[in-house]
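# Understanding the architecture of this molecule
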Amino acid sequence: MVTTGEGGKRHAGLETVRGRIAGAAEAAGRTPSDIRLVAVSKTFGEAEIVPVIEAGQRRFGENRVQEATAKWPPLRERFGDLELHLVGPLQTNKVREAVALFDCIESLDRPKLARALAAEMERQDRRPALFVQVNTGAEEQKAGILPDAADAFIAECRDEHGLEIAGLMCIPPLDEEPSLHFALLDKIARRNGITGLSMGMSGDFETAIAFGATLVRVGTAIFGER
Ligand SMILES: *Cc1c(COP(=O)(O)O)cnc(C)c1O
């Protein structure tokens, strides 16, 4: 599947990734348009991002609030509606900025953050979609709620804070078979009645699609090495 933007411009990395997404979807008996691509543009500047926008990509991911706040408002002014996802950890002192800037926050992972987001979304009357990040590998250094605590946390987000949970997100450990983690995330989502699954990066998005990903977060395969 080749998609070109308004000016008919093409971007090799983007085309390759779109083609691979379509191939993986077909192989899994899924509809390619059910899988949304988040182009992860962290560390890249306008020179690299603009050609990707001009080739038709509208959904981007960043992992740091500060970097995104500096980068995206001018691009939005120039290109109109773009969908921005926060895929990195969120500190509570950055919640105000994050709610103002992002359309989707994929890293909701603790009660204190749920409370802060609920209050700030109310204050700004702006409601980015929320994904709960699950630390499926129970890695000490990694963000995310532990799998055992996920059900209770999701219930707390919904019942105590009135937050709608659009999906779950995970980043599998580097040295493990990602499919086990994708399957676990899917299982937690199903038993909580959640349909969104953000999983799969440059190295494993085709596997993630086979396991039900609805969002894949791809940086390197589009933009090149960081
Ligand atoms: C950087 C990043 C990605 C993209 O990783 P690539 O391997 O470059 O595709 C995806 N998700 C998160 C959370 C990231 O921080």
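A few points on the structure. (Residues numbered from 1 in each chain as written. Predicted model: local features only at pLDDT ≥ 70, side-chain atom pairs only at ≥ 80, totals over all residues. Heavy atoms only, no water.)

Counting 63 residues, the largest nonpolar core has L108 and L117 as its most contacted members. When near neighbours in sequence (up to four residues on either side) are disregarded, L108 contacts L113, A114, L117, L130, F131, V132, Q133, F153, C157, L163 and I165. Among the nonpolar cores identified, the runner-up in size contains six residues, and V38, V40, C104 and M169 belong to it. (Core = buried A, V, L, I, M, F, W, Y, C linked by side-chain atoms within 4.5 Å. Buried < 20%, exposed > 50% of the residue type's maximum accessible area, 1.4 Å probe, protein only. Contact = heavy atoms within 4.5 Å.)

So, about unusual backbone geometry. In this structure, T43 is a non-glycine residue whose phi angle is positive, near 75°. By secondary structure assignment, the location of T43 is in the loop between strand 1 (36-40) and helix 2 (46-54). Look at A138: it is not a glycine, yet its phi comes out positive at around 45°. Tracing the backbone through its elements, the reader meets A138 in the loop between strand 5 (129-133) and helix 6 (147-159). (Helix = DSSP H or I, 4+ residues; strand = E, 2+ residues; numbered from the N terminus.)

So, on to the packing of aromatic side chains. Across all of its chains, the model carries two aromatic pairs by this definition. When the centroid spacing of 4.9 Å and the interplanar angle of 40° are considered together, the rings of F60 and W72 count as tilted. Of this pair, F60 sits in strand 2 (residues 59-62) while W72 is found in helix 3 (residues 65-79), placing the two residues twelve residues apart along the sequence. Grouping residues by exposure puts F60 and W72 together as buried. (Phe/Tyr/Trp six-rings, centres within 6.5 Å; stacked < 30°, edge-to-face > 60°.)

Turning our eyes to something else, we now look at the side chain of N135. For N135, the position within the fold is in the loop between strand 5 and helix 6. The exposure class assigned to N135 is buried, which follows from its relative accessible area of 4%. Residues in contact with N135, not counting those within four places in the same chain, are K142, A143, G144, I145, L146 and P147.

This paragraph deals with the site of the ligand. In the vicinity of the ligand, the contacting residues are V40, K42, V87, I171, M201, S202, R217, V218, G219, T220 and R226. In the environment of the ligand, a nitrogen atom lies 2.9 Å from a nitrogen or oxygen atom belonging to the side chain of R217. Contact between the ligand and T220: an oxygen atom at 2.5 Å from a side-chain N or O atom of the residue. Protein chains shield 89% of the accessible area of the ligand, which is 390 Å² for the free molecule. Among the detected pockets, the ligand sits in the largest pocket. Among the residues forming the shell around the ligand, the class breakdown is five nonpolar, three polar and three charged. (Near = heavy atom within 4 Å. Polar contact = N/O pair within 3.5 Å; in protein donor to acceptor, adjacent residues only side chain to side chain. Areas by Shrake-Rupley, 256 points an atom, 1.4 Å probe, with all protein chains shown as cover. 1 Å grid on protein atoms, 1.4 Å probe; cavity = no way out; pocket = protein on both sides within 12 Å on 5 of 7 lines; lining within 4 Å. Sits in = over half its atoms within 2 Å of the grid points. Nonpolar A, V, L, I, M, F, W, Y, C, P; charged D, E, K, R; others polar.)

Function-wise, these values are silent; they only describe arrangement.
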